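Secondary and tertiary structure notes
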Amino acid sequence: MTDIPRVDLGGKVAFVTGAGSGIGRAAAIAFAMAGAAVTAADISEKGLRETVAEIEGRGGRVLAVICDVTKSSDVKAALDQTVDKFGRLDIAFNNAGIEQPAQPIAELSEDVWDKTIAVNLKSVFICMKHEIEIMLRQGGGSIVNTASGAGVLAIRGQSSYCASKFGVVAVSKVAALEYANKNIRVNAICPGIIDTPMIARYTGDTDEGRARVIAQEPIGRMGRPEEIAGTVLWLCSDAGAFVTGHAMVVDGGQTAGI
Ligand code: NAD
């Protein structure tokens, strides 16, 4: 029997987008605590400062980069800085995203549609395009893209969000097929309702709003960002070495009935 792998990312380098809040912050901390050097990328300077303080306070290595994931030049520059500082790129967690206001299609503006698709979906293509280029030169890597329960389940009032997240699942699977024989694994993660600032905005942060989304969760509570981070860590580590092209739900049973 071979050794059972554990999650040890010592010597690895991870790039995380949307690292200034919620799920991205929890993942950046988790990668750093597993021994990886981490680039934390976000548009929010304040968010990044807080993430850096959390990681450095625990003794981790982190580089913060202001980066708008809808801009190819920003993403390329952030990845170049990562390789300049840490020497390589082993792991990418393409996670930055925005919510859409709950609105049926006839009321949804084209601007909201375009923005949601740009931030949630086009960004994943842009990030992967630059990351894969580096990983091909290096001989491998692991990528996880953040989709959603809304990437496998249609939700009323969420056309642009669902379209973006179904798209993330699709492009992750295509990338997995294209690069499986180059030692690059690509997976998507589909979180359920997770207690982050995004969900606070979506629910209005009221007891009633929270109860409404918790009602979608068979497990009877929201997930915690750390519960997504743990799965992402596993997917990116050698423990997940045979997993590619998978859209993994981590959702308290939200989609179990479909
Ligand atoms: P969050 O709002 O707490 O964090 C999102 C982060 O992304 C923020 O720091 C924000 O500044 C950053 N960001 C937004 N636009 C950006 C851009 N153009 N460039 C770079 N950074 C940008 O949200 P979260 O809940 O942590 O969400 C993270 C991801 O998880 C998103 O893709 C979201 O769609 C997805 N998701 C969240 C939930 C949930 O219930 N919270 C469920 C399923 C999927």
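Residues numbered from 1 in each chain as written. Predicted model: local features only at pLDDT ≥ 70, side-chain atom pairs only at ≥ 80, totals over all residues. Heavy atoms only, no water.

A few words now on the sheet that holds strand 5 (residues 141-146). Spatial ordering of the open sheet is given by 3-2-1-4-5-6-7, a layout of seven strands whose pairing is parallel. Edge positions in the sheet fall to strand 3 (61-66) and strand 7 (247-250), since each has one partner strand and no second. Across the sheet, the mean angle from the axis of one strand to that of its neighbour is 20 degrees, orientation sign disregarded. Looking at chain direction, strand 2 (residues 37-42) and strand 3 are connected through six bridges and run parallel. Residue pairing for strand 3: Ala 41 is matched across the bridge by Val 65. (Pairing = 2+ DSSP bridges. Helix = DSSP H or I, 4+ residues; strand = E, 2+ residues; numbered from the N terminus. Axes fitted to C-alpha atoms, helices over the stretch in contact; angles between N-to-C directions.)

Quick look at the packing of helix 3 (residues 72-86) against helix 4 (residues 110-138) now. For the pair helix 3 and helix 4, interaxial distance at closest approach is 9 Å and the crossing angle is 35 degrees. Here helix 3 runs over helix 4; the crossing is right-handed. Seen from helix 3, the contacting residues are Ser 72, Val 75, Lys 76, Leu 79 and Val 83; seen from helix 4, they are Ile 126, Cys 127, His 130, Glu 131 and Ile 134. (Left-handed = near helix turned anticlockwise from the far one by under 90°. Contact = heavy atoms within 4.5 Å.)

Next up on the list: the pairing of strand 5. Counting buried positions along strand 5 gives six out of six residues, so the element sits mostly inside the fold. Burial along strand 5 is two-sided: the face carrying Gly 141, Ile 143 and Asn 145 and the face carrying Ser 142, Val 144 and Thr 146 are both buried. Pairing of strand 4 (residues 91-94) with strand 5 involves four bridges; the strand directions are parallel. Along strand 5, the bridge assignment pairs Ala 92 with Ile 143. Traced from strand 4 through helix 4 to strand 5, the parallel crossover comes out right-handed. In this structure, strand 5 lies alongside strand 6 (residues 184-191), joined through six bridges in parallel fashion. (Buried < 20%, exposed > 50% of the residue type's maximum accessible area, 1.4 Å probe, protein only. Right-handed = clockwise from strand over helix to strand, strands pointing away.)

Residues Ile 91 and Phe 93 of strand 4 are buried on one face, and the alternating residues Ala 92 and Asn 94, pointing to the opposite face, are buried as well. The sheet contact formed by strand 1 (residues 13-17) and strand 4 spans three bridges and is parallel. Bridging from a neighbouring strand, Phe 15 pairs with Ala 92 of strand 4.

This part is about the environment of Ile 132. Structurally, Ile 132 can be placed in helix 4. Once the C-alpha coordinates of Ile 132 and Ile 143 are considered, the two residues, 11 residues apart in sequence, prove to be 8.8 Å apart. In contact with Ile 132, not counting residues within four places along its chain, are Ile 143, Tyr 179 and Ile 184.

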